Amino acid sequence: MRMNTGYGREGDYDHFVVNEEMPLLDFLLANVNQSRTKIKATLQGRGIKVNGKTVTQFDFMLQPKMKVAVSKTKRNQQSFKSRYVKIVYEDKWIIVVEKNIGILSMAAGHSSLNVKSVLDDYFHKSRQKCTAHVVHRLDRDTSGLMVYAKDLQTEQILEHNWHQIVYDRRYVAILSGEMEQDEGTIQNWLKDNKAYVTYSSPFDNGGKLAISHFHVLSRTTEHSLVEFQLETGRKNQIRVHAADMGHPVCGDSKYGNGDDPIHRLCLHAWLLCFTHPVTGEPMEFETPIPTSFKQLFR
C-alpha cells in the first residue's frame, strides 16, 4: 500500500519505476538530472520515497518494479538535525524515531529535554499541522526505536490496541557476568514501592504480570550480550528481570551492581514491529546493535 510522508501533494514528486536491481544512488544518478551532491542532499533531506516510504540510505538496494518518488520542492528537503533523535520513518499518521541516551520520551517537570518537544519543533518548522502524541516510553538512558502518533485519533488506536498492534519488540542489553543459560523466560509480578522503585514477586502481589524471553548472543567471563523479547511491556521490566537473574544490566544505577564498562545504561530497543494503526500494513523497523556494545565482545 502506498503511504505518504505528509510532505506534500503527489504532484510535488517526479515518479520512476525500477527495471533492474541496483543501489538507490546509482538509480538516481542515472534517472534524475541533478548533481551527485544535490541528490545526496535530497536523500538526507528526506525527499526520496521508495514504494511510498521515505528512504535516506544511498546504498538502499532497489528491486525491479519498485516505485521511486523524488521531491521537486525545496521545502521537502528540510533537514532535521538533532543529536538526540533520528527520524526513521514518517507518514501523515505516525513517526518512528531512534532515540539516543540522555533524553526523556516526554516532558517531566520544567524545561526537560524530551523527544516529544523535539518532534513538535520539527513539525512546526516543516509546516505540518500536528503534534507528537506519546504512545509508549523508553527510559531516559535507554536508546532505540519509538513510535509517536501525529494526531489524537491515531494515538487512541495505538494506545487502546497496543498489545494487538505491536507483534514484536526486542531489546539488546549487556548484562554483568557470564550468563549460565543460553535462553529462557522469566515471569513474575512487578509493583512499585513508595520510592517508585519497581520490585518483583513470584506470586500475584497486586502488581502487573511481566514476561520476558531472553537469548544470549555473545558472552565473555565478565559480560553477556543478551536479546530480550517482551511479551508484556512493564516499567523497568528488563532491568528488574536482569537483576532477578543475578546479571543486572550494566550501567544501571537503580538496579545494577556498579558494573559500568561503557559509561551508559547498556539497554537498546533494536527491533519494533507493528501493524499500521490506519492502513493495517505491517511495519518493521530495526537498528544496528550499538558499536560500543559490540566492542566488548570482540
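Presented here is an overview of the structure given in this document. (Residues numbered from 1 in each chain as written. Predicted model: local features only at pLDDT ≥ 70, side-chain atom pairs only at ≥ 80, totals over all residues. Heavy atoms only, no water.)

Brief notes about the overall build of the protein chain
Tallying secondary structure elements over the protein chain gives seven helices and 17 strands in all. Here the C-alpha radius of gyration of the protein chain, 21 Å, is about what a compact globule of 298 residues would show, namely 19 Å. Across its three principal axes, the protein chain shows a C-alpha extent of roughly 60 × 45 × 35 Å. Relative to its full complement of 298 residues, the protein chain shows a buried share of 48%. Taking all contacts inside the protein chain whose residues are at least 6 apart in sequence as the whole, residues at least 24 apart take part in 63%. (Helix = DSSP H or I, 4+ residues; strand = E, 2+ residues; numbered from the N terminus. Rg over C-alpha atoms; globule rule 2.2 N^0.38 Å. Buried < 20%, exposed > 50% of the residue type's maximum accessible area, 1.4 Å probe, protein only. Contact = heavy atoms within 4.5 Å.)

Focus on the pairing of strand β6 (residues 67–71)
Moving residue by residue along a regular strand, the side chains alternate between the two faces of the sheet. When you tally the buried positions in β6, you get four out of five residues, the bulk of the element. Bridging between strand β1 (residues 13–17) and β6 involves five bridges; their strand directions are antiparallel. The partner of His15 across the bridge, within β6, is Ala69. Both strand β3 (residues 48–50) and β6 contribute to a ladder of three bridges, which runs antiparallel. Residue pairing in the sheet places Lys49 in a bridge with Ala69 of β6. (Pairing = 2+ DSSP bridges.)

Side note on the packing of aromatic side chains
Tallied over the entire structure, the rule returns five aromatic pairs. For the pair Phe80 and Tyr122, a centre-to-centre distance of 5.0 Å together with 70° between the ring planes defines the contact as edge-to-face. A residue pair is termed long-range when its members are at least 10 positions apart, and Phe80 in the loop between β6 and β7 (85–90) and Tyr122 in helix α3 (residues 115–125) qualify at 42 residues. Considered together, Phe80 and Tyr122 belong to a single accessibility category, that of buried residues. Centroid distance Tyr89 to Phe285: 5.6 Å. Interplanar angle 45°. Geometry classified as tilted. With Tyr89 in strand β7 and Phe285 in strand β17 (residues 282–286), this residue pair connects regions lying 196 residues apart in the sequence. (Phe/Tyr/Trp six-rings, centres within 6.5 Å; stacked < 30°, edge-to-face > 60°.)

Considering the environment of Glu98
By secondary structure assignment, the location of Glu98 is in strand β8 (residues 94–99). Take Glu98: its relative accessible area is 19%, and that puts it in the buried class. Expressed as a C-alpha distance, the spacing of Glu98 and Gln164, which sit 66 residues apart in the sequence, is 22 Å. The residues contacting Glu98, other than those within four sequence positions of it, are Tyr84, Val85, Lys86, Val88, Gly144, Leu145, His268 and Thr287.

Topic: the sheet that holds β1
Pairing between sheet strands relies on hydrogen bonds along the backbone, with the strands arranged either parallel or antiparallel. Strand order in the open sheet made by the four strands is β1-β6-β3-β4, with antiparallel pairing throughout. At either end of the open sheet lies a strand with only one pairing partner, and these are β1 and β4 (53–54). Against the sheet, helix α1 (residues 24–31) contacts β1, β3 and β6, and its axis sits at roughly 65° relative to β6. (Axes fitted to C-alpha atoms, helices over the stretch in contact; angles between N-to-C directions.)

Regarding the side chain of Ser112
Here Ser112 is to be found in the loop between β8 and α3. Looking at Ser112, its side chain comes within polar contact range of the main-chain nitrogen of Ala108, at 3.1 Å. (Polar contact = N/O pair within 3.5 Å; in protein donor to acceptor, adjacent residues only side chain to side chain.)

Concerning the pattern of salt bridges
In this structure the tally under the stated criterion is ten salt bridges. The partner of Asp120 in a salt bridge is Lys116, and the shortest N-O contact between them spans 2.7 Å. One end of the pair is Asp120 and the other is Lys116, both in helix α3 and four residues apart, which spans about a single turn. Several salt bridges share partner residues, and in doing so they unite Asp139, Arg239 and Asp252 into one network. (Salt bridge = Lys/Arg side-chain N within 4 Å of Asp/Glu carboxyl O.)

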